Amino acid sequence: MEKNKKQTLKRIIVFALMFVLAGAISLAGSLLYGKETEMLIRNIVMVLAGTGIVIFAFTMEEMNERFVYRNGGRYARFAMMYLGGLVASVLLPYLPVTGWPFLVIFVLLSVFSDGVTGLAAGSVCLLLSVNFAGGSFAVFWLYFISGVAGILVFSTLNEEFKVGIPMFISLLILMLCLTANGILLSREQLSVAQFTIPAINLIVCCILLLISLKMFSTTVIHRNREKYMEINDPEFPLLVQLKDMSKEEYYHAIHTAYLSDRIARRLGLDDAAAKACAYYQRIGKLKGDNTWENVSAICNEYHFPPNTKKILKEFVDESEKIVSKETIVVLFADCIVSSILYLFEKDPKAELNYAQLIDTVFRKKLETDELWGNEISLAQIHEMKKIFVEEKLYYDFLR
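In this text, all values refer to a predicted model and were calculated from it rather than measured experimentally.

What counts, and at which threshold
- Residues numbered from 1 in each chain as written.
- Predicted model: local features only at pLDDT ≥ 70, side-chain atom pairs only at ≥ 80, totals over all residues.
- Heavy atoms only, no water.
- Helix = DSSP H or I, 4+ residues; strand = E, 2+ residues; numbered from the N terminus.
- Buried < 20%, exposed > 50% of the residue type's maximum accessible area, 1.4 Å probe, protein only.
- Contact = heavy atoms within 4.5 Å.
- Areas by Shrake-Rupley, 256 points an atom, 1.4 Å probe, with all protein chains shown as cover.
- Lys, Arg positive; Asp, Glu negative; His and termini not counted.
- Charge placed at Lys NZ, Arg CZ, Asp CG, Glu CD.
- pLDDT = per-residue confidence, 0-100.
- Disulfide = S-S within 2.5 Å.
- Core = buried A, V, L, I, M, F, W, Y, C linked by side-chain atoms within 4.5 Å.
- Phe/Tyr/Trp six-rings, centres within 6.5 Å; stacked < 30°, edge-to-face > 60°.
- Salt bridge = Lys/Arg side-chain N within 4 Å of Asp/Glu carboxyl O.
- Axes fitted to C-alpha atoms, helices over the stretch in contact; angles between N-to-C directions.
- Parallel < 35°, antiparallel > 145°, perpendicular 65-115°, else oblique.
- Left-handed = near helix turned anticlockwise from the far one by under 90°.
- Nonpolar A, V, L, I, M, F, W, Y, C, P; charged D, E, K, R; others polar.
- Patch = residues over 30% accessible without salt bridge, like charges linked within 9 Å, V, L, I, M, F, W, Y side chains within 5 Å.
- Expected span 1.5 Å × (residues − 1).
- Polar contact = N/O pair within 3.5 Å; in protein donor to acceptor, adjacent residues only side chain to side chain.

*Asks:* Quick question: what am I supposed to make of the overall build of the chain here?
*Replies:* Each helix and strand in the chain was counted, giving 18 helices and 0 strands. The C-alpha extent of the chain, read off along each of the three principal axes, is 90 × 45 × 40 Å. Going through the 399 residues of the chain one by one, you find that 47% of them count as buried. Taking contacts inside the chain between residues at least 6 apart in sequence as the whole, the part at least 24 apart equals 72%. Carbon and sulfur atoms form 63% of the exposed surface of the chain, whose accessible area is close to 20600 Å². For the chain, the centre of its 40 positive side-chain charges and the centre of its 41 negative side-chain charges are spaced 2 Å apart.

*Asks:* What am I meant to see in the confidence of the model for the chain here?
*Replies:* As a note on interpretation, predicted positions should not be read in detail where pLDDT is low. For the chain, per-residue confidence averages 86 on the pLDDT scale, and residues scoring 70 or more make up 92% of the total. Across the chain, the secondary-structure element scoring lowest on mean pLDDT is helix α8 (residues 192-221), at 79, and the one scoring highest is helix α3 (residues 75-91), at 93.

*Asks:* Is there a simple way to think about the state of the cysteines in this case?
*Replies:* A covalent bond between the sulfur atoms of two cysteines is what we call a disulfide. Under the counting rule described, the total for this entry stands at 0 disulfides. Of all cysteine sulfurs, the one in Cys205 lies closest to Cys125, which takes part in no disulfide; the gap is 14 Å. The closest cysteine sulfur to the non-disulfide-bonded Cys335 is located on Cys277, 12 Å from its own sulfur. By relative accessible area, Cys335 is classed as buried at 16%.

*Asks:* What exactly am I supposed to notice about the nonpolar core here?
*Replies:* Nonpolar side chains tend toward joint burial in soluble globular proteins. Core analysis: the biggest nonpolar cluster contains 59 residues, and Tyr280, Met384, Phe388 and Tyr395 have the highest contact counts within it. Residue contributions to this core peak at 11 residues, all from helix α15 (residues 325-346). Among residues more than four places away in sequence, those in contact with Met384 are Ile263, Leu267, Ile328, Val329, Phe332, Phe362 and Ile376.

*Asks:* I tried to follow the environment of Val240 on my own but got confused; where do I start?
*Replies:* Looking at the secondary structure, you find Val240 in helix α10 (residues 237-245). Taking the C-alpha atoms as reference, Val240 lies 8.2 Å from Tyr250; in sequence the two are 10 residues apart.

*Asks:* Hey, could you run me through the packing of aromatic side chains in this one?
*Replies:* Any aromatic ring pair is given by two values, namely how distant the centres are and how the planes are angled relative to each other. Per the stated rule, a full pass over the model turns up 21 aromatic pairs. With a centroid separation of 4.2 Å and 15 degrees between ring planes, the pair formed by Phe332 and Phe362 is classed as stacked. Here Phe362 lies in helix α16 (residues 354-367) and Phe332 lies in helix α15, a separation of 30 residues in the sequence. Both residues of the pair, Phe332 and Phe362, belong to the buried class. For Phe362, a relative accessible area of 3% translates into the label buried. Counting every residue linked through ring pairs, the aromatic cluster contains Phe15, Phe58, Tyr75, Phe78 and Tyr82.

*Asks:* Would you explain the pattern of salt bridges in this entry?
*Replies:* Side chains that differ in sign of charge can pair as their charged atoms come close. In this structure the tally under the stated criterion is 15 salt bridges. Here Arg266 and Glu390 are joined by a salt bridge, their closest N and O atoms 3.3 Å apart. Of this pair, Arg266 sits in helix α11 (residues 247-267) while Glu390 sits in helix α17 (residues 378-390), placing them 124 residues apart in sequence. We classify Arg266 as partly exposed; its relative accessible area is 45%. One continuous salt-bridge network, built from bridges that share partners, spans Glu249, Arg282, Lys285 and Asp334.

*Asks:* Would you take a moment to explain helix α13 (residues 292-301) for this structure?
*Replies:* Each full turn of the α-helix corresponds to 3.6 residues, which orients residues three or four apart in the same direction. Trp292, Asn294, Val295, Ser296, Ile298 and Cys299 are the residues of α13 that are buried. Tucked into the core, α13 has its buried residues touching α10 and α14 (306-316). Of the residues trailing α13, His303 is marked for its positive phi of about 55 degrees.

*Asks:* Any chance you could explain the packing of helix α5 (residues 115-133) against helix α6 (residues 137-154) here in plain terms?
*Replies:* Working note: a packed helix pair is described by the angle between its axes plus the distance between those axes. At a minimum axis separation of 10 Å, α5 and α6 run at an interaxial angle of 160 degrees. When the interaxial angle is binned, α5 and α6 end up roughly antiparallel. You can see that α5 and α6 cross each other, and the crossing is right-handed. Of α6, the residues touching α5 (which contributes Gly115, Gly118, Leu119, Ser123, Leu126, Leu127 and Val130) are Val139, Phe140, Tyr143, Phe144, Val148 and Ile151. Across the contact of α5 with α6, the residue classes break down as 10 nonpolar, 3 polar and no charged.

*Asks:* Help me understand a nonpolar patch on the surface, please; the structure alone is not making it clear to me.
*Replies:* There is a patch of nonpolar side chains on the surface, built from Ile165, Phe168, Ile169, Leu172, Met175 and Leu176 and spanning about 570 Å² of accessible area. Turning to its location among the elements, Ile165 is positioned in helix α7 (residues 164-183). Of the residues examined, Ile165 reaches a relative accessible area of 62% and is grouped as exposed.

*Asks:* Even after reading the chapter, I still don't get α5, so can you show me in this structure?
*Replies:* The end-to-end C-alpha distance of α5 is 27 Å, a good match for the 27 Å that 19 residues give at a rise of 1.5 Å each. If you check which residues of α5 are buried, you get Thr117, Gly118, Ala121, Gly122, Ser123, Val124, Cys125, Leu126, Leu128, Ser129, Val130 and Phe132. Sitting at the amino-terminal end of α5 is Asp114, which places a side-chain oxygen 3.3 Å from the backbone nitrogen of Val116. Backbone geometry just downstream of α5 places Gly134 in the positive-phi region, at approximately 65 degrees.

*Asks:* Where do I start with unusual backbone geometry in this structure?
*Replies:* The phi torsion of most residues other than glycine is negative, and most of the peptide bonds are trans. Phi at His303 takes a positive value of approximately 55 degrees, unusual for a residue other than glycine. Within the secondary structure layout, His303 lies in the loop between α13 and α14. Classification of His303 by relative accessible area gives exposed; the value is 60%.

*Asks:* Explanation requested: the packing of α11 against α15 in the structure shown.
*Replies:* It is at 9 Å that the axes of α11 and α15 come closest, and there the two elements cross at 140 degrees. One finds that α11 runs oblique with respect to α15. Crossing hand, α11 versus α15: right-handed. Seen from α11, the contacting residues are His252, His255, Thr256, Leu259, Ser260, Ile263, Ala264 and Leu267; seen from α15, they are Val329, Val330, Ala333, Asp334, Val337, Ser338 and Leu341. Classifying every residue of the contact of α11 with α15 by side-chain character gives 9 nonpolar, 5 polar and 1 charged.

Here it is in structure tokens:
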């Protein structure tokens, strides 16, 4: 509850500042271009109204968990991107209309929020530039359509973040829009010079997208990749210490991590975080009891990624409610591994009916209130159960 209050307060403060600064940027731009008082007031009102819509869209998309790239709670980062887009909108009218790199602005605003919010934010920025440049409806139409196309194609990216095809499609649509609106409608005789600025625009958009998306991938999508590669290595010092303390605990962690990784990948979840949680769910025993205090201390000492700490807290701390899908995956993997190891310990030669055992584990878990109010759907639980059954050949390694 306390955490939610802090999150809400942070959102209010950041978005209030964003709202005020958006109005200030609009005012500065209107003064820069010498707009009349009526036009100045109109620009400020429209930008503030648009900014209010952007804030509402961001908040609603966060509440409904529709963000694609883990942008929830990243208010300051999005606010900086939006305000940067408004500043660029004030300066872009100094360039020829066919040279505005609005494709980049639309795409970046969407990947730092989501499609709906990015579309709203990009449209506000575009309207401001069109107003300052005294452009026509065709100019807005040109960059709005290409911006929408950019948002749509880049919203299909997954964790691998392969940008080649989305880049090609978005630049192709931008080229077609520039040709249709900037060249075909020109009353001048066709010449090479008419194609120069649109060509430069395409090149600049391509370069800016490559650079900015590479930075986004490194700092947001894969910022913890190297750390996960380190801690998810079975020879990581912590796991070696666990093995020295208890081989049973070590191999239990190895088997649970294998299954958690497989299930999380198939369900499209954060497999690296689930695997790490499976490895270190009992690491607190290195300090005595497997309490959350001991586990948390070890996580902080070895700088575990935040999502892994969150999942471990849900798994280890009995007072914490299980919410995330990754925690549930690890929970079922741990129960199944524990059940099989227990039965093999009683009778190493036992021929187990793995499908029946898995069905029993799922039924007993679902009969309790332990999994109520979490993020996982019944369809995903059904799919998870199906995948566990498919892994029956692996279970013989637990003998």
